There are 2 protein chains.
Amino acid sequence: MNLVERLKEVIPEDRISTNETVLLNHSKDESFYSGNLPDVVVFPKDKQEVAEIVRLANELEVPIVPFGTGSGLEGQVIPKQGGISIDFQEMNKILEINDEDLLVTVQPGVTRVQLNAELGKYGLFFPVDPGADASLGGMASTNASGTTTVRYGAMKDNVRDLEVVLADGRLIHTGSRAKKSSSGYRLTELFVGSEGTLGVFTELTLQVYGISEVIVAARAVFNSIQNAVQAATSLLAIGVPIARIELVEAYSIKHMNLAAGTNYLEDVTLFLEFHGTDKSVEGELEITKDLFEDFGCYQFDIEKDSLGRAKLWEVRHNSLNIWLHHNPGKRVMNTDVCVPLSKLADAVEYSRTCLDESKLQGSIIGHIGDGNFHVGIILDPNDAEEMKKAHRLNEQIVHFALAAGGTCTGEHGVGLGKMKYQEQEHGTALDVMKTIKQALDPNQILNPGKIFVENSN
Amino acid sequence: MNLVERLKEVIPEDRISTNETVLLNHSKDESFYSGNLPDVVVFPKDKQEVAEIVRLANELEVPIVPFGTGSGLEGQVIPKQGGISIDFQEMNKILEINDEDLLVTVQPGVTRVQLNAELGKYGLFFPVDPGADASLGGMASTNASGTTTVRYGAMKDNVRDLEVVLADGRLIHTGSRAKKSSSGYRLTELFVGSEGTLGVFTELTLQVYGISEVIVAARAVFNSIQNAVQAATSLLAIGVPIARIELVEAYSIKHMNLAAGTNYLEDVTLFLEFHGTDKSVEGELEITKDLFEDFGCYQFDIEKDSLGRAKLWEVRHNSLNIWLHHNPGKRVMNTDVCVPLSKLADAVEYSRTCLDESKLQGSIIGHIGDGNFHVGIILDPNDAEEMKKAHRLNEQIVHFALAAGGTCTGEHGVGLGKMKYQEQEHGTALDVMKTIKQALDPNQILNPGKIFVENSN
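About the criteria used
- Residues numbered from 1 in each chain as written.
- Chains lettered and ligands numbered in written order.
- Predicted model: local features only at pLDDT ≥ 70, side-chain atom pairs only at ≥ 80, totals over all residues.
- Heavy atoms only, no water.
- Helix = DSSP H or I, 4+ residues; strand = E, 2+ residues; numbered from the N terminus.
- Rg over C-alpha atoms; globule rule 2.2 N^0.38 Å.
- Buried < 20%, exposed > 50% of the residue type's maximum accessible area, 1.4 Å probe, protein only.
- Contact = heavy atoms within 4.5 Å.
- Areas by Shrake-Rupley, 256 points an atom, 1.4 Å probe, with all protein chains shown as cover.
- Lys, Arg positive; Asp, Glu negative; His and termini not counted.
- Charge placed at Lys NZ, Arg CZ, Asp CG, Glu CD.
- Least-squares fit on C-alpha atoms with pLDDT ≥ 70 in both.
- Pairing = 2+ DSSP bridges.
- Axes fitted to C-alpha atoms, helices over the stretch in contact; angles between N-to-C directions.
- Phe/Tyr/Trp six-rings, centres within 6.5 Å; stacked < 30°, edge-to-face > 60°.
- Lys NZ or Arg CZ within 6 Å of the ring centre and 35° of its normal.
- Buried area = accessible area lost by both parts, 1.4 Å probe.
- Salt bridge = Lys/Arg side-chain N within 4 Å of Asp/Glu carboxyl O.
- Polar contact = N/O pair within 3.5 Å; in protein donor to acceptor, adjacent residues only side chain to side chain.
- Nonpolar A, V, L, I, M, F, W, Y, C, P; charged D, E, K, R; others polar.
- Domains from an automatic or database assignment.

Here we look at the overall build of chain A
And then number 1: Helix and strand counts for chain A stand at 16 helices and 18 strands.
And then number 2: The C-alpha radius of gyration computed for chain A amounts to 22 Å, which stays within 12% of the reference 23 Å derived for 457 residues, consistent with globular compactness.
And then number 3: Referenced to the eigenvectors of the C-alpha coordinate spread, the extents of chain A come out at roughly 70 × 55 × 45 Å.
And then number 4: Split into buried and exposed, the 457 residues of chain A put 64% on the buried side.
And then number 5: Sequence-distant contacts in chain A: of pairs separated by 6 or more residues, those separated by 24 or more amount to 71%.
And then number 6: With an accessible surface of roughly 15,900 Å², chain A has 47% of that area assigned to carbon and sulfur atoms.
And then number 7: Across chain A, the 41 positively charged side chains and the 64 negatively charged ones have centroids separated by 1 Å.

Given below as structure tokens:
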């Protein structure tokens, strides 16, 4: 009996697909890695169906790959060894919003925009904001983060509990509803960021936050990256609970102006956001402005109204997309290193030098409070020479980051692209990860060919 | 050749002890659990010695138990199966303070008071503050937290990297110096809180914070636990970044007044602390006071100067100790549950009812922002009837917490006392923990008899 026939025993036929377009849509993500077709795509409606699918896959030793929205940047959802792609679009319910516990429980197919639209009705929000409107299951599986991580943390900090289907089909909960715990091993953090290689998520309980009374955005312009980074580091050191602090280097501001029609000063800029009350934000703005002046900040513009603020962040978020719109055929490849704060200015400057030397076009934007930055390399994916240069540039930046005590990926995950750096980054710890993988997935059915080089075909 | 002779091959004789007093000092902690002597105590000076000791123990299949200051509350350092107690008092060096990265690297024997004394010179502090002056290795091993966790997080949130000796003597690093990462499995959080059962820590890299310009403490008095809890929950929901928010119920304030000579109003009280700048703290105080009034707060006293603040927290921290001082022969047994915020008021009121019914004496204090609270039961450890009542009370409170979606231990760890609740709390996830334990410590030499019931003798 073939795979599809066996699947019909555990999930209705109309939610099993081998349609060519459907297979193609589940063969790749937003990355540049070459796709690979799954043998079949299933659309489960509940945890029991997921558990049965995984149990069957384990019995047949068929690979499974969980699929959210396909917005990943490192090829995590590409079924490198074929098998079953489990699409979570039918599991997109917000199961509970508890405004007293500041917790929500969602199915993995719920997207962050969908969740925030609903949370807004309660005066709440979920802060983690990767660029795309990703599914929360996908975001947990890559330990996604974004512009608000400096204050509110990454996925690992905001997932309170995961319901997970293990390789053999058993269901577990990794945490509880308690805000902290010293009970047993911390499985939640182990599963967050494991990219579908240790289990399949069927429910997530997430920490949410009250929307602040007052939200003010600002732009601070500096004459050097060193100064901007030192200003930011000093601000964090004195404990100002800044909600966003994003670095954009001079060249990228130029891109923004061209793309969005703004006329921002084309110099190193920090995009900032403050969350609080009238008084607390006023106080934070004052101390930030004063402190930044000591580091050569020569323009500090405040956006108090929500429209101006929205514009500022739209420009920050979408400049590359608008730029691409004007350059048909081009796409963006992103680097994603994260370094200790003391090495950030050097890392950004080194990256700019390498980028210039490569003759590739690109922007640099950074989640500076976390030491994480992206070089968005603009290229034609069909131009082999450009692709080769881009890969070399990525490698240069990763080597710099690892030598500086950093990591090859701050928020996009390992997937296919960062596998080759795992041994250099983790050393013997990589063996511990493999031991855990082997112990929890002895038949290697869970997203094989990701994170660990030897599992790839 | 016996164990001591073999140990002499890897560590100088003068740092190996079988002296009776030394063995006795390493047979117990601050808990009520009956002690057990190790066969030998070693005092390694560096990571290589630790690695050699562990490798030897693995070869001989002799249990090892890491020992910090012995201030644990759940029997984690008790060598239930004898073997080697590794005392880290000689590994007490602060290896690096990096005020730009806001990182320090320490050996596991460094205590939190020792660290903060040194950090103060740089205008920095390490926030995690369990009651005792514990070692940082011990604090990481139990995922300790304390009064500032509501703002600065628990150990799991503040350990950036661990150097760990595995069961077979190999050394790994679990993280990097980067503030965030999506690279590989999150081993740091797996090892934090593992209570010496997965590896032995030889170095810790910790996140530290700038000491705020302005620190203000306050006391807010309410007429019911429900009101105080709801006030606190609302304050957190609107995003006020409060640094400390501690609940003390009425009866316990009476204890404090008797013990410390204060004349606080004997009603439900929140002890608060605000960290920031003049303006931000002023704003936070104003909004807190206003909001609390809506929940029936009828006294709000502010302590702006450092002496008044120190007194307030001294009273909060030490009231039980002073109380004990006046009641020779008595000791304190602490419960440690953590519940979702919506269940906290009920949990505290239920605990007070059970405490009253038991006829035992006790205080209730709570890290209310986290939903974690302790019933400090005052008893005579030689009174079998009192001990029985106390254990029964503990059990009642744990069952309430688990039924409420909480955890049996918010910050003290599992050790010996919470093993029996692990299955109820974690269900099938406990099997996953056991699988990981078995994979990483196949000879069961690492602190056997802790966390998992079946390993105990």
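Continuing now.
Side note on the relation of the copies chain A and chain B
And then number 1: Each copy superposes on the other: chain A lies on chain B with an RMSD of 0.0 Å after a rotation of 180 degrees and an axial shift of 0.0 Å. In short, the pair behaves as if placed about a two-fold rotation axis. Of the C-alpha atoms belonging to chain A, the one lying closest to the rotation axis is found on Ser-280 of chain A, 1.9 Å away.
And then number 2: With an isologous cut-off of 70% or more, the 100% of interface residues of chain A that recur at the interface of chain B puts this contact in the isologous class.

Regarding the sheet that holds strand S8 (residues 159–165) of chain A
All names here are of chain A.
And then number 1: Taken together, the five strands give an open sheet; going across it, the order is S5-S6-S10-S8-S9, and neighbouring strands pair in antiparallel fashion. This sheet does not close on itself; its edge strands, each paired only once, are strand S5 (94–98) and strand S9 (171–173). The mean angle between the axes of side-by-side strands here comes to 10 degrees, regardless of whether they run parallel or antiparallel.
And then number 2: Pairing of S5 with strand S6 (residues 103–106), which is carried by four bridges, proceeds in the antiparallel orientation. Across the sheet, the residue bridging to Asn-98 is Leu-103, located in S6.
And then number 3: Helix-sheet contacts for helix H4 (residues 112–120) involve S5, S6 and strand S10 (200–207), and the interaxial angle to S5 is about 40 degrees.

What about the environment of Gly-362 of chain B?
Residue and element names in this part refer to chain B.
And then number 1: On the secondary structure map, Gly-362 appears in strand S17 (residues 361–367).
And then number 2: Take Gly-362: its relative accessible area is 0%, and that puts it in the buried class.
And then number 3: Residues Gly-362 and Gly-415, 53 residues apart in the sequence, show an inter-C-alpha distance of 23 Å.
And then number 4: With residues up to four places along the chain from it excluded, the contact list for Gly-362 reads Tyr-251, His-255, Arg-352, Leu-355, Gly-376, Ile-377 and Ile-378.

As for the packing of aromatic side chains
And then number 1: Throughout the structure, instances matching the rule amount to 18 aromatic pairs over all chains.
And then number 2: Connected via pairs of aromatic rings, a cluster forms that spans Phe-125, Tyr-152 and Tyr-209 of chain A.
And then number 3: Here the basic side chain of Arg-219 of chain B rests over the ring of Tyr-264 of chain B, its NZ or CZ set 3.8 Å away from the ring centre.
And then number 4: We note Arg-352 of chain B situated over the ring of Tyr-251 of chain B; from NZ or CZ to the ring centre the distance is 4.5 Å.

Here's the deal with the sheet that holds strand S6 (residues 103–106) of chain B
All names here are of chain B.
And then number 1: The strand order across the open sheet built from five strands is S5-S6-S10-S8-S9, with neighbouring strands paired in antiparallel fashion. Looking at strand neighbours, the two that pair on one side only are strand S5 (94–98) and strand S9 (171–173), the edges of this open sheet. For this sheet the average axis-to-axis angle between neighbouring strands, irrespective of direction, equals 10 degrees.
And then number 2: As defined by bridge partners, S6 adjoins strand S10 (residues 200–207) across four bridges and the pair is classed as antiparallel.

Here's the deal with the interface of chain A and chain B
And then number 1: With 90 residues of chain A at the interface, the matching set in chain B holds 90 residues.
And then number 2: Approximately 6,800 Å² of surface area, both sides summed, lies buried where chain A meets chain B, with 59% of it carried by carbon and sulfur atoms.
And then number 3: A per-residue breakdown of the area chain A buries against chain B is headed by Lys-180, Ser-182 and Tyr-185 of chain A, which together make up 14% of the total.
And then number 4: Inspection of the region where chain A meets chain B yields 12 salt bridges.
And then number 5: Residue Glu-411 of chain A is joined to Lys-180 of chain B by a salt bridge in which the shortest nitrogen-to-oxygen separation is 2.9 Å.
And then number 6: Joining chain A to chain B, the criterion identifies 42 residue pairs in polar contact (both at pLDDT 80 or more).
And then number 7: Split into classes, the residues belonging to the side of chain A that touches chain B amount to 31 nonpolar, 37 polar and 22 charged.

Observations concerning the pairing of strand S3 (residues 64–67) of chain B
Residues and elements named next belong to chain B.
And then number 1: Neither face of S3 is left uncovered, since the one carrying Ile-64 and Pro-66 and the one carrying Val-65 and Phe-67 both have all their residues buried.
And then number 2: With four bridges joining them, S3 and strand S4 (residues 84–87) adopt parallel strand pairing. Among the inter-strand pairings, Val-65 is bridged to a residue of S4, identified as Ser-85.

Structural notes on the domain arrangement of chain A
Residue and element names in this part refer to chain A.
And then number 1: Taken domain by domain, chain A holds domain 1 (3–89), domain 2 (94–210), domain 3 (212–326) and domain 4 (328–414).
And then number 2: Measuring from the centre of the C-alpha atoms in domain 2 to the corresponding centre in domain 4 gives 28 Å.
And then number 3: Domain 2 puts nine residues into the contact, and the matching count from domain 4 is eight residues.
And then number 4: Buried area between domain 2 and domain 4, summed over both chains or domains, comes out near 550 Å², and the portion from carbon and sulfur atoms is 42%.
And then number 5: Per-residue buried area on domain 2 facing domain 4 is highest for Ser-145, Val-150 and Glu-195; these three make up 53% of the total on that side.

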